[in-house]
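Understanding the architecture of this molecule
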Amino acid sequence: MSNFKRAPQNGTAPKPSILSTLRATSMIETKTALPAEILESILSYLPVPDLLRFARTSKRMCEMVYDDTRWVARLKSMGCWNELEARRRFEEAVKRKRDAAARPTANGGANPNAARQSSLTIFDAALEEERRKAEQEKAEQPRESRLDGFETLSLNSSQPKSPYEDPAALLDVIKNVRSIRGHARQEYGKVYGALAPFYFDLARAKTHTEPIVFKVFRDPERQAQMLANLQIFGKSDWTQGYLQRESKLINMMTIFESAVLREFEQGYEFWDVDGRMRRYAHIMHTLNGGNAAVDLFIHKHPILNDRALLGNPMECVNTVAHDDVTLEPSRLFFELLAQKLNEQSGVIGRIFPQPAGVFWAFVDKIREEIIMEYVTPLLDECHDRYMPSYLRAVSGLFEQCMHFIKSLVPSKGSEESLEEHAKYIALRVFEPHLDLYLQEELDSFTKYAEREVDDWEQKLSEQDASVESFYMGNFNRQADKNDFLSSFKKVVMMPVTVLPSAISPFGTSKPASTSTSNRDSTIRSSVNGTPVPSRPETPGLGGASERNGNGTPLPSEAPNDELKAKAALMANRLEGIRSLFSIEVALSLVRAAKESLGRASKFVTLGGQAGEEAREQCEAMFVVLVKILGQTHVKNGFSKAVEHLGRYNPREISDHSQTGVAPLVMFIELVNVGDIISQMVDVFYEQQLAATKIADRNDFLDPAGLAKKKFEQMLDEMVAAGLNKGIDVLMDEVEYLCATTQLPTDFNPLPPSPEATTPPTDPDIGPTITAKRVTELVASHTKMLVGSTEKTMLDVFNSEVGLRLFTAVCKHIKRQRISTDGAIKLIADMTMYFEYIRTLKNPDLLAYFKALRELSQIYLIDARHAKEMATIIADGDRFGGIFRAEEVYEFAERRADWYQVKRDVERAMYGLECQVM
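Just so you know, these numbers come straight off a predicted model, no measurement behind them. (Residues numbered from 1 in each chain as written. Predicted model: local features only at pLDDT ≥ 70, side-chain atom pairs only at ≥ 80, totals over all residues. Heavy atoms only, no water.)

1. With respect to the overall build of the protein chain
What the protein chain contains, in helices and strands, is 36 helices and two strands. Looking at the 917 residues of the protein chain, the share that counts as buried comes to 44%. Across the protein chain, the fraction of contacts at a sequence separation of at least 24, relative to all contacts at a separation of at least 6, is 77%. Accessible surface, the protein chain: about 49100 Å² in total, of which carbon and sulfur atoms supply 53%. (Helix = DSSP H or I, 4+ residues; strand = E, 2+ residues; numbered from the N terminus. Buried < 20%, exposed > 50% of the residue type's maximum accessible area, 1.4 Å probe, protein only. Contact = heavy atoms within 4.5 Å. Areas by Shrake-Rupley, 256 points an atom, 1.4 Å probe, with all protein chains shown as cover.)

Next comes the structure, spelled out in structure tokens:
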């Protein structure tokens, strides 16, 4: 094989291999350099022409520029997009599409294109018609005058006429913008094509004479309309330099407004209401709302310079006494002011296009310059002079101010009601004084209530001191204080004949020849202390020779006997229970609270924070009323009454012929007074607070409701404490009657004498005098509480009285000796007690007295029937579980013949126990 190699030839390149070609191949990145999100953000800051040029670069860029949300945002910035309208148009288009798809073809068959149409975009016939017309108009225009749907306005007269050369169309272009989804770009294009030339031309102008807007529109009405449109259009200008363009537009509008305002002011000087004032006010309203014209009209109004004609506020205090105020001059002031404002209301309606807002702005200026200058000095002067006149002045002026606002006749078109304007203006007038007034109102009522109660307490203490000084002035008072109760016992237990009869302790002087019975009745009435019930009245401050607070006249001469003087003094103190608190004081406090709350509650109608503060202060007044009336007045009175009840001892009383216990009767009268006061507080709460929505009765945390419940709870507790003490007093009286009036022969009559020649008369089988008096005594006290206390408390009281009566009767039976003949009267007594307890309608209590009635029958069994007696004693079911066998046995021991039958009864009972076992 030959080793010959061909030499390379010059000028020819070696043939590359395919591998080298592949190695030389490189990948080219075709993705965009910026993400789509950044491009999206950049597009928001491009001018509209640049946006359209950007859309021509590619299909994706075109879709990004043509995105409907981009143009909706611009329309929203100008306030031209209504989402509700856009949604309504969309729903109507959907409905038309569905109706078209559901309609059959002409030959009765189904529409073959229905399925295909449902997958396409929504077809709106009206919109398509408008789109075809717009395309036809664009085709007729020169190519250079259109830029992708954004028509440009050329000021060259050689250009063909377009719809945007019509001034009316240019002025109304913003009003005619429609909210259509998918067509926001076209709608914004119409606005841009109409207003952009004027907008950018005005931004380039150097002086106010250069802008083309003042050349195209000659009359100021259209110039104002176009400037307002340009200001709205400028809100959609987000591109670079928009601040300079906005500033230039604002300067040009300011120059225009100043010129128009000068014309308006000249018309104001000549009072050309229906001429220049009306015209230029409407022009400025079109331009920017017309606030400059409104301010000029208000600040230059002649009424602000004629304040002296409306009156002097000091006339309300200078024409009356130093501690008084009259609001008649202020009423005339508000009437005259209302008359003048109603006259100006018609003038404002002739000048301004929206007169309601101008009228209320004018009224607010009057409030600031005239009303407050009238009210503030008057209230300050009243506050310095006399507090009650200040409180009346604030409330009265507020009411007059509210009436003044409501008497105005504003122009038509007011969005808020007259009531709302009255609240707003009255609040602005009295807001500087409201906090001070509410606090002074509360403090004034608190001081008055405390002063009334303190005066009452002071009068009572002075009266007690006066009475004590009158009776005990001739004796050692210190010794009297140390042994008062012991000496009282000596007084009432001394024989009546020992006491001198020349002077009656509570009456006038009597001659020495007065009979012993009269003297005895006088002493009894003074010691027993049971005067004629009367309504508690405010005690007088007269001397010792005058009537005291309880309605009992003091004798003209003090007793010269120490025991008699102490007896009269004790009777006076017992009688004083009924005057421990007064309905008159309660009525006085309630009237004062009603007046104060009536004044302060007027400010609740203001609403908002001021109304809430006034409402809270009204509740605070009620809380103060309840606290002072309840804790200070009523509670102290009940405490003293309970203390007086605790001092009562029936064994120290000489006369027990009355049907009631004097201190308890007086306490029950006091309970009735407390119930009346409680009803007064309840009615006051319902009428003054709950009915007027100041307090919410359904809110358990409401301060007024809590105070009312606390007052009622305190009253119930004090009544319960007094009734508990009263039950003790009543039972002491019952035991005293049982011990002193029950004769030994009532239940154990004497056997007939063998020497008697006449047969005995028929015995009285009715109840004894003791049972009758006890029943009358207890029944009289339980009936007194009916209607004055709650049913729950009344049931508890009756139940406790019944149980205590049951205990007292049982103790009384165990102290007696009862024979078979006397058992009839005992059964009659127990039946009488049972019938009385039946009237209380308490089944549980009735079971006790039913058992007691059954128990009384063991005394009726003859001694020969010991076994039957033992059967009854051992029968626990017979007495309903009230008495055990041991207790019945104790009662059986009170038989007069017990020692004769004891052995047989015990033997029979033992036999019964053996049978049971």
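2. Notes on the pattern of salt bridges
A full pass over the atoms with the stated rule returns 35 salt bridges. The residue Glu40 makes a salt bridge to Arg70 at a minimum N-O spacing of 2.6 Å. Pair noted here: Glu40 is in helix H2 (residues 36-43) and Arg70 is in helix H5 (residues 68-77), with a separation of 30 residues, a long-range link. Judged by its relative accessible area of 7%, Arg70 is buried. A salt bridge links Lys811 to Glu735, with the shortest nitrogen-to-oxygen separation between them at 3.5 Å. One end of the pair, Lys811, is in helix H31 (residues 791-814); the other, Glu735, is in helix H28 (residues 703-741), with 76 residues separating them in the sequence. (Salt bridge = Lys/Arg side-chain N within 4 Å of Asp/Glu carboxyl O.)

3. Thoughts on the environment of Cys316
One can find Cys316 in helix H16 (residues 315-318). Sequence separation between Cys316 and Thr326 is ten residues, and the spatial gap between their C-alpha atoms is 5.0 Å. Excluding its chain neighbours within four sequence positions, the residues that come into contact with Cys316 are Val325, Thr326, Pro329, Ser330, Tyr374 and Leu378.

4. Considering helix H17 (residues 328-351)
Here H17 contains 24 residues, and its C-alpha end-to-end distance of 35 Å stays within 8% of the 34 Å for a straight helix at 1.5 Å per residue. Of all the residues in H17, the buried ones are Pro329, Ser330, Phe333, Phe334, Leu337, Ala338, Leu341, Gln344, Ser345, Val347, Ile348 and Ile351. For H17, the secondary structure elements touched by its buried residues are helix H13 (242-269), helix H14 (273-288), helix H15 (291-299), H16, helix H18 (355-385) and helix H19 (387-406). (Expected span 1.5 Å × (residues − 1).)

5. Considering the packing of H5 against helix H10 (residues 184-204)
As a packed pair, H5 and H10 sit with axes 8 Å apart at the nearest point and diverge in direction by 40°. Accordingly, the angle class assigned to the pair H5 and H10 is oblique. As for the relative orientation of H5 and H10, their crossing is left-handed in sense. Across from Asp68, Trp71, Val72, Arg74 and Leu75 in H5, the residues of H10 making contact are Ala184, Arg185, Glu187 and Tyr188. (Axes fitted to C-alpha atoms, helices over the stretch in contact; angles between N-to-C directions. Parallel < 35°, antiparallel > 145°, perpendicular 65-115°, else oblique. Left-handed = near helix turned anticlockwise from the far one by under 90°.)

6. Looking at the confidence of the model for the protein chain
Counting all residues, the mean pLDDT for the protein chain is 77, and 72% of those residues have values of 70 or more. Every residue in residues 1-8 scores below 50 in pLDDT, and together they form zero contacts with partners more than four places removed in sequence or on other chains. Considering only residues more than four positions removed or in separate chains, one finds that residues 143-164, a stretch of pLDDT under 50, has 43 contacts. (pLDDT = per-residue confidence, 0-100.)

7. A short note on a nonpolar patch on the surface
On the surface, Leu34, Ile38 and Ile42 cluster together into a nonpolar patch covering about 240 Å² of accessible area. Inspection of the secondary structure assignment puts Ile42 in helix H2. Of the residues examined, Ile42 reaches a relative accessible area of 40% and is grouped as partly exposed. (Patch = residues over 30% accessible without salt bridge, like charges linked within 9 Å, V, L, I, M, F, W, Y side chains within 5 Å.)

8. As for the packing of aromatic side chains
Per the counting criterion, the structure on display carries 30 aromatic pairs. Here Phe198 and Phe217 contribute two aromatic rings whose centre-to-centre distance is 6.0 Å and whose plane-to-plane angle is 40°, an arrangement assigned as tilted. One end of the pair, Phe198, is in helix H10; the other, Phe217, is in the loop between helix H11 (213-216) and helix H12 (220-233), and 19 residues separate them in sequence. Since its relative accessible area comes to 1%, Phe217 is described here as buried. In this structure, Arg181 is placed above the aromatic ring of Phe90, and the distance from its NZ or CZ to the ring centre is 5.3 Å. (Phe/Tyr/Trp six-rings, centres within 6.5 Å; stacked < 30°, edge-to-face > 60°. Lys NZ or Arg CZ within 6 Å of the ring centre and 35° of its normal.)

9. Comments concerning the nonpolar core
Membership of the largest hydrophobic core comes to 222 residues, with the highest contact counts inside it found for Phe264, Phe352, Phe638, Leu852 and Phe883. Ranked by residues supplied to this core, first place goes to helix H26 (residues 608-646) with 15 residues. Those residues in contact with Phe638, other than ones at most four positions away along the chain, are Phe581, Phe667, Leu670, Val671, Leu715, Met718 and Val719. (Core = buried A, V, L, I, M, F, W, Y, C linked by side-chain atoms within 4.5 Å.)

10. A closer look at unusual backbone geometry
A positive phi is found at Lys693, a non-glycine position, where the angle reads about 65°. On the secondary structure map, Lys693 appears in the loop between helix H27 (662-690) and H28.

11. Topic: the side chain of Lys365
Along the chain, Lys365 falls in helix H18. For Lys365, the contacting residues outside a window of four places in its chain are Ile298, His299, Leu304 and Ile370.

12. Remarks on the side chain of Glu440
Counting through the fold element by element, Glu440 comes out in helix H20 (residues 418-472). Despite its burial, Glu440 remains without a salt bridge, the nearest opposite charge being carried by Lys447 at 6.0 Å. (Lys, Arg positive; Asp, Glu negative; His and termini not counted.)

13. Quick word on the environment of Lys594
Residue position: Lys594 is located in helix H25 (residues 583-600). Sequence-distant contacts of Lys594, defined by excluding residues within four places in its chain, comprise Phe684 and Gln688.

14. Some words on the packing of helix H30 (residues 769-784) against helix H32 (residues 823-839)
Interhelical geometry of H30 versus H32 gives an angle of 10° and a closest axis separation of 10 Å. The angle between H30 and H32 places the two elements in the roughly parallel class. Here Thr770, Ala771, Lys772, Val774, Thr775, Val778, Ala779 and Thr782 of H30 lie close against H32, whose contacting residues are Asp829, Met832, Tyr833 and Tyr836. Among the residues forming the contact of H30 with H32, the class breakdown is seven nonpolar, three polar and two charged. (Nonpolar A, V, L, I, M, F, W, Y, C, P; charged D, E, K, R; others polar.)

15. Re the environment of Met314
If you trace the backbone, Met314 turns up in the loop between H15 and H16. Apart from the residues lying within four places of it in its own chain, the contact partners of Met314 are Pro377, Leu378 and Glu381.

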